[in-house]
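# Tertiary structure, described
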Amino acid sequence: MTTLRQRICVLGATGSIGASTLDVIARHPDRYEAFALTAASRVDELAELCRRFRPRFAAMPGQAQARALRAALADTDTEVLDGAQALADLAAHPQVDAVMAAIVGAAGLAPCLAAARAGKRLLLANKEALVVGGELFMRAVEEGAATLLPIDSEHSAIFQCLPEDRSAWDARIDHIVLTASGGPFRTRAPHTLRDVTPDEACAHPNWVMGRKISVDSATMMNKALEVIEARWLFGLAPERVRVVIHPQSIIHSMVVCRDASVLAQLGTPDMRVPIAYGLAWPERIESGAATLDFATLRDLSFEVADAERFPGLQLAWQALTAAPGSTAVLNAANEVAVAAFLERRIRFDQIHAVNADTLSALSIEPGATASLESLIELDARSRAAAEQQVSALRRTAR
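What comes next is a walk through the structure. Source: prediction; values computed, not measured. Note that residues are indexed from 1 along each chain, following the sequence as it is written. The predicted origin of the model limits local features to residues at a pLDDT of at least 70 and limits the giving and counting of side-chain atom pairs to 80 or more, whereas totals for whole chains, interfaces and linings rest on all residues. For side-chain calculations, the full set of non-hydrogen atoms in the structure is used, while hydrogens and water are omitted.

### A look at unusual backbone geometry
Cis peptide bonds are those with omega within 30 degrees of zero, and the linkage from Trp281 to Pro282 qualifies with 5°. Here the phi dihedral of Ala145 falls at roughly 55°; this positive angle occurs in a residue that is not glycine. Numbering of helices and strands starts at the N terminus; helices are DSSP runs of H or I of at least 4 residues and strands are runs of E of at least 2. For Ala145, the position within the fold is in the loop between helix 6 (128-144) and strand 7 (147-150). Backbone geometry places Ala260, a non-glycine residue, at a positive phi of 80°. For Ala260, the location among the structural elements is in the loop between strand 10 (251-257) and strand 11 (262-266). Each residue gets one of three labels from its accessible area relative to the maximum for its type: buried under 20%, exposed over 50%, partly exposed in between, using a 1.4 Å probe on protein chains only. Note on Ala260: relative accessible area 58%, which makes it exposed.

Have a look at this one:
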């Protein structure tokens, strides 16, 4: 065990993953310290966290929010930075040992790339770094000699079932199975989904999450993004990544080996488990999560993911086998569609229509995935195209 505390940069400190990360850090003050905390807009919440954890730096991308945070922390030693570049700078800061990448959406790609290129221990909770960045991001990890540790419960489960030597993975794996809870509408009749409200979509039966990811869970788009993420994390062809519904969320994912053995990681549905594993890897530390009680554990069941109820899931394999950059288009379209649904501009069942139509309609030029700048441009074009799809649906509804 190291005698020096690891300095942690938490990108997205006010979100659910950020809160769980800080909870684990607080349980091990001899091992970890919060060196830098960032947030997008929640000034008061970030100020409270800064007063509790006393980070050296805090940052917000907006200048107005950063000014308000500076005023709130004027009597502390925390230095407040502002702007998108500040997030990347903190992720690559020479005194940072590990980065929790928990920013939601494509905005998290730039600081993730910065951390990878700086060779950090990168705890990846931001799906979009791989969904949007894909090959570019994995190349940055390799060239920077970064340590990439997945934090999504499903990908962490797969990682925990594999040997530390990545070169042995392909020979050992036949395929992997990502489990999905099925969300709040697993048994609801598909024809009634048009009437779903934002509050209903955000009421996940097993996990406490933000509104965007909760809607993604309800549509199973979160699992589509996880399929794409797994393809890059584990270097697997798309057809070797599969999905099964497991309503209890006890088995977090499985590896099916070449000899037909199945390795699975089980645990209570608590994100502090994969976070603690990522912070301490290859060691294990106390996470704060409850231990499974097998004497009282209910039956574990599995179901096929219904393509009629969850059509968005199929878009993962469609995007992975289409032109490079298609996964970035899908991610951007989904962010626009979910925002439109939460703003009640489109129906729940129209999220898929926006995603599928944008993916089919947008042409991708060669070289669109070659750099961060080209990916940002593709992301912007995709969002504009998705907004057009939203507008068209609204005109049709009138």
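### A few points about the sheet that holds strand 7
Within a sheet, neighbouring strands are paired by backbone hydrogen bonds and run either parallel or antiparallel to one another. A pair of strands counts as paired when DSSP detects no fewer than two bridges linking them. If you trace the seven strands from one edge of the open sheet to the other, you get 4-3-2-1-5-6-7, paired in parallel fashion. Each edge of the sheet is formed by a strand with only one pairing partner; in this case those strands are strand 4 (79-82) and strand 7. In this sheet, adjacent strand axes meet at a mean angle of 25° when their direction is disregarded. Looking at chain direction, strand 3 (residues 57-60) and strand 4 are connected through four bridges and run parallel. Residue pairing in the sheet places Met60 in a bridge with Asp82 of strand 4. Axis definition: a line fitted to C-alpha atoms, limited for helices to the stretch in contact. Angles are taken between N-to-C directions and run from 0 to 180 degrees.

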